[in-house]
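What the coordinates show
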Amino acid sequence: GAFSTKGTTVSFSQFHLKSKDGKNTGDWIELINNYNIPVDLSLYKIVVESENKSKSFVFQIGSSLTPMGKIIVANDYYRYVKYHTNKSILGGLPKLKTNKTTILLVSPNGVIIDSYSYNKINSLKNESVTLISNEINDIDKREWQVLIK
């Protein structure tokens, strides 16, 4: 078929778990549209599971992702736009932790579209932590790196 079973329409491309003091953007997740078609994100959910708790962010009806586009979902909208104004941004993401966490992207009918889990990430008090994917839309070829600075 036209769409690979190892890829997804929308996937996670970055997770920002922690900011350094001078540039505190708050926590945020970047999603990428892997196809050249618009995607309706209405009622999709980002579920954050950490420390035996589950918290969700639900995309409002009318939320969409442009073809091959990216969208940021931030924990603190105003803190994020203080440093980044050129992106499509939504607020209200649950707080992300550097402890063991699983993050899921779930469709309105309950299908897990994408997921990522990480174990505890150690960093110094004034270091930022961002997880960045290579954005390859293939579950077997997508790789993540931890950027601590």
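Criteria and cut-off values
- Residues numbered from 1 in each chain as written.
- Predicted model: local features only at pLDDT ≥ 70, side-chain atom pairs only at ≥ 80, totals over all residues.
- Heavy atoms only, no water.
- Salt bridge = Lys/Arg side-chain N within 4 Å of Asp/Glu carboxyl O.
- Helix = DSSP H or I, 4+ residues; strand = E, 2+ residues; numbered from the N terminus.
- Buried < 20%, exposed > 50% of the residue type's maximum accessible area, 1.4 Å probe, protein only.

1. Quick word on the pattern of salt bridges
- Taken as a whole and assessed by the stated rule, the structure comprises five salt bridges.
- The shortest N-O distance in the salt bridge between Asp27 and Lys95 comes to 3.0 Å. A residue pair is termed long-range when its members are at least 10 positions apart, and Asp27 in the loop between strand S1 (10–18) and strand S2 (28–33) and Lys95 in the loop between strand S8 (89–91) and strand S9 (101–106) qualify at 68 residues.
- According to the relative accessible area criterion, Asp27 is buried, its value standing at 2%.
- Notably, a salt bridge pairs Lys70 with Glu135, separated by 2.9 Å at the nearest N-O pair. On the criterion of sequence distance, the pair formed by Lys70 in strand S7 (residues 70–74) and Glu135 in the loop between strand S11 (129–133) and strand S12 (144–148) is long-range, its members being 65 residues apart.
- Using a relative accessible area of 37% as the deciding quantity, one classes Lys70 as partly exposed.
- Accessibility expressed as a relative area gives 31% for Glu135, which makes it partly exposed.

2. Examining the environment of Leu96
- Considering the arrangement of structural elements, one finds Leu96 in the loop between S8 and S9.
- Judged by its relative accessible area of 3%, Leu96 falls in the buried class.

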